[in-house]
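Below, each chain spelled out in residue letters.
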Amino acid sequence: MKNILKYIFVSLFLYPLAGLAHVKWFVPENSSPVRNYSLSDAPVIIWILVSILIIFIGIILEKIWRLPKGLENFLKFLERPVLSLFGILIGLAFVAFSLSGFIFAPVLKTEGMFGSFLLVIQAVIGISFIIGAFEKIAALIILGSYFAAIPLFGFLNMLEALEIIGIALAILIAGRPRWRIINFKNLEKLGGRFYSYAAPILRVFTGLNLIILGFTEKILRPDLGLAFLQTHPWNFMQMLGFHQFSDYWFVLSAGAVEVIFGLIFVLGIVTRLNALVLAGFFIATLILLGPMELLGHAPHFAIVFVLLVFGSGEKLKFFSIKQPISRRAFLF
């Protein structure tokens, strides 16, 4: 019982700092085999229960808390400038990706003539986003590049970059509301009527991306996480006196945290709070891992920026709250 209480305490209050580090960026694929987690493992059961509890609390908070009217109006005013800045940040990230020799994520390093072609296309897309020219056409090209890269890197590796589809669809719908160099009215009709879906689509695909990464890099592949921890000893729980909290269970906790973040985004509950906490984890891993983490997570920082302003949006929500229980002001 004492051990179970320790795991519950850790689950609720001490999310592992390594939760959002993408281990494949730093660990080779040929790591040593490790016993997979089982549904009969006590920590696995506890994390399932904790996940349900956190989602339940999130639903309650979504019903209870609301933004102050003044702040809500201010964020509404920021929507179009933030979407424009989002496109610029994504463009800068894509150009940096191409200069670094990978497409969409550090693990997707390109080789050969076709790989070089994809790098050039990615850089051109990035420039288009930066200067604000033909951005909706560039978004369509992103989708084409994503699916064209599947034979090169494999379906699973591309699935781990699923947020790229969300980015492409969001820009395809919303375009570049401000600071364009070239503006064609005909292109504005491409997805314009679905403007209210732009941020929710970005939210859902980001959530799915986090869920997939939580499973593929940690929960289903504990060997990758353990190999990462051998060179990056981040299991601070043992230093806090939780000596039975081994690296093996730390990897499970990291994956579970990532999945919880993703589920909250997909469900469309307490999105701003989720994005704020997620930003904290990104900053923590950035400090600990350095430039590669910043470069690889650049699109995620841009997405978090958008979700902090837009929140859940009114579309693609599993829990639509029309009459909140209370009008208290809080950032949810």
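What counts as what
- Starting from 1, residues in each chain are numbered consecutively following that chain's sequence as written.
- Per-residue local features of the predicted model are confined to residues with pLDDT of at least 70, and side-chain atom pairs are confined, for both listing and counting, to 80 or more; whole-chain, interface and lining totals are unaffected and use all residues.
- As a rule here, side-chain values cover all heavy atoms of the structure and leave hydrogens and water aside.
- Think of it this way: any DSSP run of H or I at least four residues long counts as a helix, any run of E at least two long counts as a strand, and we number them from the N terminus.
- Whether two residues are in contact is decided by their heavy atoms: any pair within 4.5 Å suffices.
- Values of accessible area rely on a 1.4 Å probe in the Shrake-Rupley scheme; residue burial ignores everything except the protein chains shown.
- The buried label applies to any residue whose accessible area, calculated with a 1.4 Å probe on protein chains only, is under 20% of its type's maximum; exposed applies above 50%, and partly exposed to all values in between.
- Buried Ala, Val, Leu, Ile, Met, Phe, Trp, Tyr and Cys residues form a nonpolar core when they are joined through side-chain atoms within 4.5 Å.
- As a per-residue measure, pLDDT tells how confident the predictor is, with possible values from 0 to 100.
- Orientation is described by lines fitted to C-alpha atoms, with helices fitted over the stretch in contact, and by angles between N-to-C directions that extend from 0 to 180 degrees.
- Convention used here: angles under 35 degrees read as roughly parallel, angles over 145 as roughly antiparallel, angles from 65 to 115 as roughly perpendicular, and any remaining angle as oblique.
- Helix crossings get a hand from a simple test, with the near helix turned counterclockwise from the far one by less than a right angle marking a left-handed crossing and a clockwise turn marking a right-handed one.
- Under the grouping applied here, Gly and all other residues not named as nonpolar or charged are polar, the nonpolar ones being Ala, Val, Leu, Ile, Met, Phe, Trp, Tyr, Cys and Pro and the charged ones Asp, Glu, Lys and Arg.

Student: Would you explain the overall build of the protein chain in this entry?
Tutor: A count of helical and extended segments in the protein chain gives 14 helices and zero strands. Scanning the protein chain from its N terminus toward the C terminus, one meets helices and strands in the order α-α-α-α-α-α-α-α-α-α-α-α-α-α. In the protein chain, 81% of the contacts between residues at least 6 apart in sequence involve partners at least 24 apart. Accessible surface, the protein chain as shown: approximately 15,400 Å² in total, 71% of it carbon and sulfur.

Student: Before we go on, may I ask you to explain the side chain of Thr 271 in this structure?
Tutor: Along the chain, Thr 271 falls in helix α13 (residues 271-289). If near-sequence neighbours (up to four positions away) are discounted, Thr 271 is found in contact with Arg 203, Phe 265, Leu 307, Gly 311 and Ser 312.

Student: What's the story with the environment of Phe 310 in this structure? I'm lost.
Tutor: In this structure, Phe 310 sits in helix α14 (residues 291-310). Judged by relative accessible area, which is 14%, Phe 310 ranks as buried. Note: C-alpha distance between Phe 310 and Arg 272 (38 residues apart in sequence) is 8.0 Å. The residues contacting Phe 310, other than those within four sequence positions of it, are Glu 79, Leu 83, Tyr 195, Ala 199 and Arg 272.

Student: Looking at this model, I keep getting lost on the nonpolar core. Mind explaining?
Tutor: Nonpolar side chains tend toward joint burial in soluble globular proteins. Of all hydrophobic cores here, the largest spans 85 residues; its most connected members are Phe 86, Phe 94 and Phe 104. The biggest single contributor to this core is helix α12 (residues 247-267), with 14 residues. With residues up to four places along the chain from it excluded, the contact list for Phe 94 reads Phe 104, Gln 122, Ile 125, Gly 126, Phe 129, Ile 142 and Ile 164.

Student: What is the right way to read the confidence of the model for the protein chain from this model?
Tutor: The predicted coordinates ought not to be read in detail in places where the model reports low pLDDT. Averaged over all residues, the pLDDT of the protein chain is 79; the fraction at 70 or higher stands at 76%. Predicted confidence is poor over residues 1-20, with pLDDT under 50, and the contacts of this stretch with residues over four places away or in other chains come to 57 contacts. Low pLDDT, under 50, characterises residues 322-332; the predicted model gives this stretch 28 contacts beyond four residues in sequence or across chains.

Student: Can you walk me through helix α11 (residues 222-231) in this structure?
Tutor: Since one α-helical turn is 3.6 residues long, residues separated by three or four positions face the same way. α11 sits mainly inside the fold: seven of its 10 residues count as buried. Taken together, the buried positions of α11 are occupied by Pro 222, Asp 223, Leu 224, Gly 225, Leu 226, Phe 228 and Leu 229.

Student: What am I meant to see in the packing of helix α10 (residues 198-219) against α12 here?
Tutor: When two helices pack together, their arrangement is given by the angle between their axes and by how far apart the axes lie. Two elements in contact, α10 and α12, have axes whose closest approach is 7 Å; the angle formed by their N-to-C orientations is 165 degrees. Taken together, α10 and α12 sit at an angle that is classed as roughly antiparallel. In this structure, the crossing between α10 and α12 has a hand that is left-handed. Class assignment of the residues belonging to the contact of α10 with α12 gives a composition of 17 nonpolar, five polar and three charged.

Student: Got a minute to help me understand the environment of Pro 33 in this structure?
Tutor: Mapped onto the secondary structure, Pro 33 falls in the loop between α1 (2-13) and α2 (42-64). Sequence separation between Pro 33 and Asp 223 is 190 residues, and the spatial gap between their C-alpha atoms is 6.0 Å.

Student: Whenever I open this one, the packing of helix α3 (residues 69-100) against helix α8 (residues 163-174) confuses me. Can you help?
Tutor: Contact geometry of α3 with α8 gives a least axis separation of 11 Å together with a crossing angle of 135 degrees. Comparing their axes, α8 and α3 come out oblique. Our pair here, α3 against α8, has a crossing hand that is left-handed. Contacts from Leu 83, Phe 86, Ile 90 and Phe 94 of α3 reach α8 at Ile 164, Ile 167, Ile 171 and Ala 174. For the contact of α3 with α8, the per-class residue count stands at eight nonpolar, no polar and no charged.

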